[in-house]
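Coordinate inspection notes
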Amino acid sequence: QVQLVESGGGLVQAGGSLRLSCAASGRTFRNSAMGWFRQAPEKAREFVVAISGGGGNTMYGNSMKGRFTISRDNAKNMVYLQINSLKPEDTAVYYCAAKASGNWPSIIRDEYDYWGQGTQVTVSS
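**Overview of the sheet that holds strand β7 (residues 68-73)**
Working definition: the strands of a sheet are paired by backbone hydrogen bonds and lie parallel or antiparallel to each other. Taken in spatial order, the 4 strands make up an open sheet running β1-β3-β8-β7, and their pairing is antiparallel. The two strands at the open ends of the sheet, each matched to only one other strand, are β1 (3-7) and β7. Ignoring which end each strand starts from, the neighbouring axes of this sheet average 15 degrees apart.

Pasting the structure below:
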């Protein structure tokens, strides 16, 4: 059974940083793109960033480049999201996602086959 489990969320003051982790199990994703999405209350799920299977290519959502950094460790079957200079508008549930196949990162939610349960990030002003 394939599982993606996020961790690392929490309550942080504006200007702070967080590192989210996503642990994959059940299969390897070394040849598949993985990404992060987020969903704020009463808003649609929003693409944040994605990374290719080998880690050499990344794709960022609008206004995401600069404060968000994605990385992966295929030996550990992990993907990470570093968020710096957090703002209250970053408050959301952050979801890890993975493609069943396909190395190229994508902004399209429906192209991802596996999803985690999400981790809450709350930024206080």
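After that view of the structure, there is still more to cover.
**Examining the pattern of salt bridges**
Summed over all chains, the structure comprises 4 salt bridges. In this structure, E46 and R38 form a salt bridge, with 2.8 Å as the shortest nitrogen-oxygen distance. The partner of R67 in a salt bridge is D90, and the shortest N-O contact between them spans 2.7 Å. Of the two residues, R67 is situated in the loop between β6 (58-60) and β7 and D90 in the loop between β8 (78-83) and β9 (92-98); the sequence distance between them amounts to 23 residues. Linked by salt bridges that have partners in common, R38, E46, R67 and D90 make up one network.

Calculation notes
Residues numbered from 1 in each chain as written. Predicted model: local features only at pLDDT ≥ 70, side-chain atom pairs only at ≥ 80, totals over all residues. Heavy atoms only, no water. Pairing = 2+ DSSP bridges. Helix = DSSP H or I, 4+ residues; strand = E, 2+ residues; numbered from the N terminus. Axes fitted to C-alpha atoms, helices over the stretch in contact; angles between N-to-C directions. Salt bridge = Lys/Arg side-chain N within 4 Å of Asp/Glu carboxyl O.

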